[in-house]
Amino acid sequence: MDFPSWLQQAIQARLDEVSAQIEHDPDLSRVRGETDEAFEALFASKDVEQTPGYAEWESLYIVTKGIENEQLYMQGLRDGIQLTVSLLGQSMLTDRENDRPDA
């Protein structure tokens, strides 16, 4: 099932908005800073994968991506629930109006 283009645009706009909010999250900024420091230390040596810094950087990178994905998922879940409740509310109003004897 294809969504109408206006709905696809609305979803994309919301995703862009939530992504921008996540970019400014203080906890994520702290973790990104740690990841960047570990990344810089990693490339200070020649044999990257053999350095202990590589494992540290990889771990921090995975944590960073996990936080981003969790925040995107949770916001998507909240938005989906809000949309469902809104649509169901509109549907119930329409049903009530159709059930009125004077309609």
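Refer to the preceding data block for the structure.
Scoring rules and cut-offs
- Residues numbered from 1 in each chain as written.
- Predicted model: local features only at pLDDT ≥ 70, side-chain atom pairs only at ≥ 80, totals over all residues.
- Heavy atoms only, no water.
- Helix = DSSP H or I, 4+ residues; strand = E, 2+ residues; numbered from the N terminus.
- Polar contact = N/O pair within 3.5 Å; in protein donor to acceptor, adjacent residues only side chain to side chain.
- Phe/Tyr/Trp six-rings, centres within 6.5 Å; stacked < 30°, edge-to-face > 60°.
- Salt bridge = Lys/Arg side-chain N within 4 Å of Asp/Glu carboxyl O.
- Buried < 20%, exposed > 50% of the residue type's maximum accessible area, 1.4 Å probe, protein only.
- Expected span 1.5 Å × (residues − 1).
- Arc of directions from axis to C-beta.
- Patch = residues over 30% accessible without salt bridge, like charges linked within 9 Å, V, L, I, M, F, W, Y side chains within 5 Å.
- Areas by Shrake-Rupley, 256 points an atom, 1.4 Å probe, with all protein chains shown as cover.

(A) Looking closely at the side chain of Thr35. Structurally, Thr35 is set in helix H2 (residues 26-42). Polar contacts involving the side chain of Thr35 include one to the side chain of Thr64, which spans 3.0 Å.

(B) Representation of the packing of aromatic side chains. Scanning the entire structure with this criterion turns up one aromatic pair. With a centroid separation of 5.3 Å and 25° between ring planes, the pair formed by Trp57 and Tyr61 is classed as stacked. A residue pair is termed a helical-turn pair when its members lie 3 or 4 positions apart in one helix, as Trp57 and Tyr61 do in helix H3 (residues 52-99) at four residues.

(C) How the structure looks around the pattern of salt bridges. All chains considered together, the criterion is met by six salt bridges. When the shortest N-O distance is used, the salt bridge between Arg14 and Glu17 registers 2.8 Å. One end of the pair is Arg14 and the other is Glu17, both in helix H1 (residues 5-23) and three residues apart, which spans about a single turn. Assessed through its relative accessible area of 27%, Arg14 is described here as partly exposed. Glu34 serves as the salt-bridge partner of Arg30, at 3.2 Å between the closest nitrogen and oxygen. Here the residue Arg30 and the residue Glu34 both occupy positions in helix H2, the gap between them amounting to four residues, near one helical turn. Through salt bridges with shared partners, a single ionic network connects Glu23, Arg32, Lys65 and Glu68.

(D) How the structure looks around H1. Counted at 1.5 Å a residue, the expected span for H1 with its 19 residues is 27 Å, and the 27 Å between its end C-alpha atoms agrees. Buried residues of H1: Leu7, Val18 and Ile22, and no others. End-on, the buried residues of H1 take up no more than an arc of 50°, which puts them together on one face. The outward face of H1, more than 90 degrees from its buried face, is lined by the exposed residues Trp6 and Gln9.

(E) A look at a nonpolar patch on the surface. Together, Tyr73, Met74, Leu77, Ile81 and Val85 line one region of the surface with nonpolar side chains, adding up to about 490 Å² of accessible area. Among the secondary structure elements, Val85 is positioned in helix H3. What makes Val85 exposed here is its relative accessible area of 54%.

(F) Highlighting the side chain of Thr64. Looking at the secondary structure, you find Thr64 in helix H3. You can call Thr64 buried: its relative accessible area is 5%. Separated by 2.9 Å, the side chain of Thr64 and the backbone oxygen of Leu60 make a polar contact.

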